[in-house]
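# Working through the structure, step by step
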There are 2 protein chains.
Amino acid sequence: MKIIVDAFGGDNAPVEILKGCADAEKEFGVEIALSGDTEKIKEVAQKENIDISRMELIHADDVFQMETQPTELLKGGRNTSMAVGLQALADGKGDAFVSAGSTGALLVGATFIVKRIKGVKRPVIGGVMPTAEGPFILVDTGANVECTVPMLCQFAHLGDVYMKNIMGMKNPRVALANIGTEKTKGTKLQVEAYEALSKLEGINFIGNIEVRDIAFGKADVVVADGFTGNVILKMYEGVAKMISNEVKGLFTKNLLTGLSYLGVKSGVDAFKEKMNYKKYGGAPIIGVRKTVIKAHGSSDAYAIKNAIKQAITCVEGKVAEEIRDALSEEQNETVTE
Amino acid sequence: MKIIVDAFGGDNAPVEILKGCADAEKEFGVEIALSGDTEKIKEVAQKENIDISRMELIHADDVFQMETQPTELLKGGRNTSMAVGLQALADGKGDAFVSAGSTGALLVGATFIVKRIKGVKRPVIGGVMPTAEGPFILVDTGANVECTVPMLCQFAHLGDVYMKNIMGMKNPRVALANIGTEKTKGTKLQVEAYEALSKLEGINFIGNIEVRDIAFGKADVVVADGFTGNVILKMYEGVAKMISNEVKGLFTKNLLTGLSYLGVKSGVDAFKEKMNYKKYGGAPIIGVRKTVIKAHGSSDAYAIKNAIKQAITCVEGKVAEEIRDALSEEQNETVTE
């Protein structure tokens, strides 16, 4: 198996990317191909003493800039490390692609270079996140700001397959993100989606999840339009970050509070590990023909290594094939869009 | 000044309500009227030894049940403690009304019994919430699930007046809740609202606030449609609750962790106080002719006392009058809806 990695995506590229690739190669025995400026990659590897001798180098002159309009990837951005890597994936030169670069551009590239699975209306960016009771996936986290009911039904399938095949869950609890549990809650979109989701075959739809319950792990797949999903994702991150800053502040006031920290250190470490989203890798772009993983923009070597691990699991788990099957069943059920 | 209080609203009614009223009467020197079954009120006051001798009793036979359809308040619910209290307010028998009962029913009652301020399209339920840097108000928190651009513009005015007149802010930073700061972000509603909000006179519109930044206090008035606002409110509550449970768990494991707690106790207490939403009282229903405060359903005496304090501040702050002025200016600017 060969994973293509964008050597120039993200805030810490290329050093942390190369380190993560070297660690993944060693730990998982996977082949790595790096897309990007070959000379620069060699230079950095030598300077930082990173062994890239077994990695394939796929040359690309440019780097796609974060502030560039995503659709530019298909036009002026064709020679960037991201587009070249995606093209190599589409051409069968690797099994998956990992990038910490622009989310929007990666979504555009995955959709139009790697291409959608037949029957998929829109790919999603799935967010695998920790809760008090283990991880869940949020579909969509922001790829599709405005959604229709059939799109939400597909998201349910995409998330369901992911939790089954990648996270090893038997019968994921699929829920619709909403402002109450009653089926009359929400806007027209949620009311109609509730109805449609409850009729889906092969989906363990448990109804609406009031978003207050998400952090307590009351669903394994949370279905939302991209706007609502992004609000959920960012509120989760923001509130968790604010409180953890405040709690950290409690322990760093003086000697006494510092000593107190020692008493609870093992517990704090365990909680940090529980809430460490980096261990789940990146955000999978689900619904395209091959595995594409969006690593966090601020990824370090550890996050990149885990994103590569996630890519391996996605390839082994045959996510694309399973989705094709799930959607062809769905299409037999629902004829209208 | 006289505050009418629903003696039978909320999970802890009537005992905690009566206690909160007695405390408020003593502490703020305000007149209190209680709406509800007079005999039951007297019975409970005697049994619990709560002095209600100076309070007016406004009799109502029934209690509005939480699970009842909100609009029932105007039909079969006319003789409930909530409807009778609201009617007394509308009839000038008091200056404000406080209830911990059904949010939906209170909104319906405030809108149709107390009635809207001239020019107000829809009243909002404002949520005053803590952040790392002080409180902000979220308008709307869920009263209006589907919204138009003119509604969001009005919400900005309602929130702005509240933060100025009640929270004593000079020039509140008003922001639109969104999934990014650029003005092209969000659905059609957010894109158009951004444009309209940036043209409002007398409003210090600072643009979009990415919801991740809300908990860090980067805006004083956060404008959102009721669906998005409710998602923000409930994610805030849920994530904060989950993390605080986990942190509490850290300290209650064994003797060592218990001792560690003593070392940081003062800091924990200060943080708890900072995050204690109860100190801001309840959720004001803004846009109606008189002050109506929705206290949290689980309110204890302390929360009721603070909701009464908030009601006093709203009456003194002439919120309704200020809103009338703000909206009449707005109407001169925007003619179309």
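Residues numbered from 1 in each chain as written. Chains lettered and ligands numbered in written order. Predicted model: local features only at pLDDT ≥ 70, side-chain atom pairs only at ≥ 80, totals over all residues. Heavy atoms only, no water.

### Here's the deal with the packing of aromatic side chains
Under the convention used in this document: Think of it this way: a Phe, Tyr or Trp ring, Trp meaning its six-membered ring, pairs with another when their centres are within 6.5 Å, and the plane angle makes it stacked under 30 degrees, edge-to-face over 60, tilted otherwise. Helix and strand labels come from DSSP, where a helix needs a run of H or I of at least four residues and a strand needs a run of E of at least two; each type is numbered from the N terminus. When accessible area is computed with a 1.4 Å probe and restricted to protein chains, residues below 20% of their type maximum are described as buried, those above 50% as exposed, and intermediate ones as partly exposed.
In the structure shown here, the tally under the stated rule is 3 aromatic pairs over all chains. Measuring from ring centre to ring centre gives 6.3 Å for Phe251(A) and Phe251(B), while their planes differ by 35°; the resulting arrangement is tilted. Taken as a pair, Phe251(A) in helix H7 (residues 226-251) and Phe251(B) in helix H7 (residues 226-251) lie in two separate chains rather than in one. By relative accessible area, Phe251(A) is classed as buried at 9%.

### Here's the deal with the side chain of Thr187(A)
Applied cut-off: We call two residues contacting when some pair of their heavy atoms lies within 4.5 Å.
On the secondary structure map, Thr187(A) appears in the loop between strand E8 (174-178) and helix H6 (188-197). Discounting chain neighbours no more than four positions away, the residues touching Thr187(A) are Val145(B), Glu146(B) and Phe227(B).

### A short note on the packing of helix H8 (residues 255-275) of chain A against helix H8 (residues 255-275) of chain B
Heads up, the rule is: Throughout, an axis means a line fitted to C-alpha atoms (over the contacting stretch in the case of helices), and angles, computed between N-to-C directions, take values from 0 to 180 degrees. Orientation labels follow simple angle bins: below 35 degrees gives roughly parallel, above 145 gives roughly antiparallel, 65 to 115 gives roughly perpendicular, and whatever is left gives oblique. The handedness criterion is simple: a crossing whose near helix is rotated anticlockwise from the far helix by less than a right angle is left-handed, and one whose near helix is rotated clockwise is right-handed. Throughout this entry, Asp, Glu, Lys and Arg are counted as charged residues, while Ala, Val, Leu, Ile, Met, Phe, Trp, Tyr, Cys and Pro are counted as nonpolar. The remaining residues, Gly among them, count as polar.
In contact at an axis separation of 8 Å, H8(A) and H8(B) are set at 155° when each is read in the N-to-C sense. Taken together, the axis directions place H8(A) and H8(B) in an arrangement best described as roughly antiparallel. The hand of the H8(A)/H8(B) crossing is left-handed. Packed against H8(A), whose contacting residues are Leu256(A), Thr257(A), Ser260(A), Gly263(A) and Val264(A), the element H8(B) presents Leu256(B), Thr257(B), Ser260(B), Gly263(B) and Val264(B) at the interface. Residues that form the contact of H8(A) with H8(B) fall into these classes: 4 nonpolar, 6 polar and no charged.

### Topic: the sheet that holds strand E1 (residues 2-6) of chain B
All names here are of chain B. Put simply, the rule reads: When DSSP locates at least two bridges between a pair of strands, those strands are taken to pair.
A sheet is described by the order of its strands in space; here 7 strands give the open sequence E3-E2-E1-E4-E12-E11-E5, paired in mixed fashion. A single partner strand is all that each edge strand has here, and the edge strands are strand E3 (56-59) and strand E5 (124-125). When strand E2 (residues 31-36) meets E3, the two strands line up parallel, connected through 4 bridges. Note on E3: the bridge partner recorded for Gly36 is His59. The strands that helix H1 (residues 15-28) touches are E1 and E2; relative to E2, the one it contacts most, it runs at about 165°.

### A few points about the interface of chain A and chain B
What counts here: Computed with a 1.4 Å rolling probe, the buried area is the accessible surface lost when two parts are put together, summed over both parts. Whenever a carboxyl oxygen of Asp or Glu lies within 4 Å of a side-chain nitrogen of Lys or Arg, that contact is scored as a salt bridge. N or O atoms within 3.5 Å of each other form a polar contact, as long as, within protein, one can give a hydrogen and the other can take it, and as long as residues adjacent in sequence are counted only when both atoms are side-chain atoms.
With 47 residues of chain A in contact, the opposing surface of chain B contributes 47 residues. Of the roughly 4300 Å² buried between chain A and chain B, counting both surfaces, carbon and sulfur atoms make up 78%. Along the contact surface separating chain A from chain B lie 6 salt bridges. Glu237(B) serves as the salt-bridge partner of Arg212(A), at 2.7 Å between the closest nitrogen and oxygen. Summed over the shared surface of chain A and chain B, the number is 10 residue pairs in polar contact (both at pLDDT 80 or more). Of all the secondary structure elements, the ones that give two or more residues to the side of chain A that touches chain B are E8, H6, H7 and H8 of chain A. With 20 residues, the top contributor of residues to the side of chain A that touches chain B is H7(A). Looking at side-chain class alone, the side of chain A that touches chain B contains 25 nonpolar, 12 polar and 10 charged residues.

### Examining the relation of the copies chain A and chain B
Rules: Copies overlap after least-squares fitting; the atoms used are the C-alpha atoms of residues with pLDDT of at least 70 in both.
For the match of chain A to chain B, the screw axis carries a shift of 0.0 Å, the RMSD comes to 0.0 Å, and the turn is 180°. Each copy turns onto its partner about a two-fold axis. Looking at the rotation axis and the C-alpha trace of chain A, the residue lying nearest is Ser260(A), at 2.0 Å. Both copies contact each other with a shared surface, as 100% of the interface residues of chain A are interface residues in chain B too.

### Overview of empty space enclosed by the protein
Residues and elements named next belong to chain B. The test is simple: In this analysis the probe radius is 1.4 Å and the grid spacing 1 Å, with only protein atoms considered; a cavity is a set of points the probe fits into but cannot get out of, a pocket is an open set with protein on both sides within 12 Å along at least five of seven lines, and lining residues have an atom within 4 Å of a point. Grid points are joined across faces, edges and corners, and a volume is the space filled by probe spheres set on the points.
According to the stated counting rule, one finds 1 cavity of 30 Å³ or more in the structure shown. In this structure, the largest cavity occupies an estimated 100 Å³ of space. Surrounding the largest cavity, 14 residues form its lining, Ile285, Ile286, Lys290, Thr291 and Val319 being those nearest its centre. Mapped onto the lining of the largest cavity, the elements with two or more residues apiece are strand E11 (283-286), strand E12 (291-294) and helix H10 (319-333). The residue makeup of the lining of the largest cavity, split by class, is 11 nonpolar, 2 polar and 1 charged.

### Brief notes about the confidence of the model for chain A
Do not read the predicted coordinates in detail wherever pLDDT is low. Using the following cut-off: One confidence number per residue, pLDDT, is output by the predictor and ranges from 0 to 100.
In this model, chain A carries a mean pLDDT of 92, and residues with pLDDT of at least 70 account for 98%. Here the predicted complex scores 0.90 on pTM and 0.89 on ipTM.

### Focus on H7(B)
All names here are of chain B. Rules: Given a helix with a known number of residues, its expected span is that number minus one, times 1.5 Å.
Taking 1.5 Å per residue as the helical rise, H7 with its 26 residues ought to reach 38 Å, and the 38 Å between its terminal C-alpha atoms agrees with that figure. Here H7 lies mainly inside the structure; 19 of its 26 residues are buried. The backbone nitrogen of Phe227 has a side-chain oxygen 3.2 Å away, supplied by the residue at the start of H7, namely Asp225.

### Re helix H6 (residues 188-197) of chain B
Going by this rule: The arc in question is formed by the directions pointing from the helix axis toward the C-beta atoms.
Every buried residue of H6(B) is listed here: Leu189(B), Gln190(B), Ala193(B), Tyr194(B) and Leu197(B). Axial view of H6(B): buried residues confined to an arc of 130°, hence all on one face. Next to the buried residues of H6(B) lie H7 of chain A together with helix H5 (149-165), strand E8 (174-178) and strand E9 (205-210) of chain B.

### So, the side chain of Lys2(A)
Residues and elements named next belong to chain A. By secondary structure assignment, the location of Lys2 is in strand E1 (residues 2-6). Taking relative accessible area as the criterion, Lys2 reaches 18% and is therefore assigned buried. Engagement of the side chain of Lys2 in a polar contact is seen with the side chain of Glu56, the distance being 2.3 Å. Setting aside its immediate chain neighbours within four residues, Lys2 contacts Glu31, Ile32, Ala33, Glu56, Lys93, Gly94, Asp95 and Ala96.

### Some remarks on the pairing of strand E7 (residues 136-139) of chain B
All names here are of chain B. Of the two faces of E7, the one holding Phe136 and Leu138 and the one holding Ile137 and Val139 are both buried throughout. The sheet contact formed by strand E6 (residues 127-129) and E7 spans 3 bridges and is antiparallel. Note on E7: the bridge partner recorded for Met129 is Phe136. Counted along the chain from E6 to the antiparallel partner E7, the turn is 6 residues long, and its residue Gly134 has a positive phi close to 120°.

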